[in-house]
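# Summary of structural features
Chain residues, written in single-letter form:
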Amino acid sequence: MIVSDSTTAKLSEIMQNNRRGITIYRDELSGLLAQIDGKGEAAKDRADYLQLYNGGPHSVERIARGSLNIPNWSGSIIGGIQPGALEKAMRNATHDGLIQRFYPIIAHKVGRATNETVDPQHMQHFATVIDRLNGFGFGTVTLWPDAAQIMDETWGEIYALIAGGALSDRIVAHLSKWEGGLYRWLLVYHAMECAFAGQVPHRVAVSAHTARIVADLHMRYFLPCVLQLYEDVLSDSNDSEQVRWIAGHIVAHGLEKISLRDITRAYNDFAANDEQTKMRVMRMLEDCGWVEPDDPHKMLPRRYKINPAVHERFAKQAAEEKKRRAEIVKKIRDIASVGE
């Protein structure tokens, strides 16, 4: 069942006798984020929406009508949002894991629309697959050993990123959701393939081919999107430019620690920022795993430790950056000497 705009009280009525859960489709997610941002009822709604990710029994409080017990409070949320609107919505939002429950898909280029007629046979195949998916009953799905190995290896790669210390807490929280997310996507793809082939998912083991599709989807597509989400989308382009300058400064000078005062003295653009912009820039460096604040409890810490892994990974870039900056300094000095 697909719904587009509904309160949690209304959703509870819909799902009371719907064990399969629902799909919430919002053309603009900014409206939904605004709906569940705030205190009082908005905070309660937000908690209910967070619970949709896990599913299972859930009780929803309804104004003047008491609570309603839902056997399976489960749902998927699909929608689009402009980068600026997302950045604005998340700027002062509670860090409760809401954004980490999403799989971001960042569109770089939209293809030109055409007026080609859709093959009716393709539409019939699509309708058949949907009907079969809707008709599947409940059952336990198993994996062939080689499929299970692919999934284990993929989660091992993701866990190595999580445990490596090079990513921020927010990115780690996002990727940590993938331990279960991998198998959710695996089940979706397996069900689609079975529906297309006229098979029943819990009577056919998941193949290595399906597992490889899901593994590549995560590592080659979803992972770059997640990293870009925190590096670019949740800040403006000027922030990203300043982040890159500071990162280059760190590797060029082999710094083990840095302070806001150091950056301000070396970089005029950063010095011109207000406190809020400075905080965004430094948080982006934290999110990318470059720095760690000495005092994480401050809104804008003044001193940071550099992640040692940065210098190991960017040793070649550090040498090139140091050479480039030295050449710039030499040119400036040469120009100045000519004028004397």
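Overview of the structure. Not measured: the values here are computed from a predicted model.

## So, the overall build of the protein
Helix and strand counts for the protein come out as 15 helices and 8 strands. A total of 340 residues make up the protein; the buried ones form 36% of that total. Across the protein, contacts joining residues at least 24 apart in sequence account for 68% of those joining residues at least 6 apart. Of the roughly 20800 Å² that the protein leaves accessible, carbon and sulfur atoms contribute 53%.

## Overview of the sheet that holds strand β6 (residues 257-259)
On the basis of which strands lie adjacent, the open sheet formed by 3 strands has the order β6-β8-β7 and antiparallel pairing. In this open sheet, the two edge strands, each paired with only one partner strand, are β6 and β7 (291-293). Averaged over neighbouring strand pairs, the angle between their axes works out to 30 degrees when direction is ignored. Here β7 pairs with strand β8 (residues 303-306) via 3 bridges, running antiparallel. Considered in β8, the bridge of E292 is made with K305. The sheet strands contacting helix α13 (residues 275-287) are β7 and β8, and the helix crosses β7 at an angle near 120 degrees.

## Remarks on a nonpolar patch on the surface
Taken together, V118, M123, F126 and I130 make up a surface patch of nonpolar side chains, about 400 Å² in accessible area. Along the chain, V118 turns up in the loop between α4 (83-91) and α5 (120-135).

## Structural notes on empty space enclosed by the protein
Under the counting rule described, the total for this entry stands at 1 cavity of 30 Å³ or more. Considering only enclosed or pocket space, the largest cavity measures out at about 40 Å³ in volume. Residue lining of the largest cavity: L29, L32, L33, I36, Y49, I77, L98 and F102, and that is the complete set. With 3 residues, helix α2 (residues 29-35) is the largest single contributor of residues to the lining of the largest cavity. Here the lining of the largest cavity is composed, by residue class, of 8 nonpolar, no polar and no charged.

Rules and cut-offs
- Residues numbered from 1 in each chain as written.
- Predicted model: local features only at pLDDT ≥ 70, side-chain atom pairs only at ≥ 80, totals over all residues.
- Heavy atoms only, no water.
- Helix = DSSP H or I, 4+ residues; strand = E, 2+ residues; numbered from the N terminus.
- Buried < 20%, exposed > 50% of the residue type's maximum accessible area, 1.4 Å probe, protein only.
- Contact = heavy atoms within 4.5 Å.
- Areas by Shrake-Rupley, 256 points an atom, 1.4 Å probe, with all protein chains shown as cover.
- Pairing = 2+ DSSP bridges.
- Axes fitted to C-alpha atoms, helices over the stretch in contact; angles between N-to-C directions.
- Patch = residues over 30% accessible without salt bridge, like charges linked within 9 Å, V, L, I, M, F, W, Y side chains within 5 Å.
- Salt bridge = Lys/Arg side-chain N within 4 Å of Asp/Glu carboxyl O.
- 1 Å grid on protein atoms, 1.4 Å probe; cavity = no way out; pocket = protein on both sides within 12 Å on 5 of 7 lines; lining within 4 Å.
- Points joined across faces, edges and corners; volume = space filled by probe spheres on them.
- Nonpolar A, V, L, I, M, F, W, Y, C, P; charged D, E, K, R; others polar.

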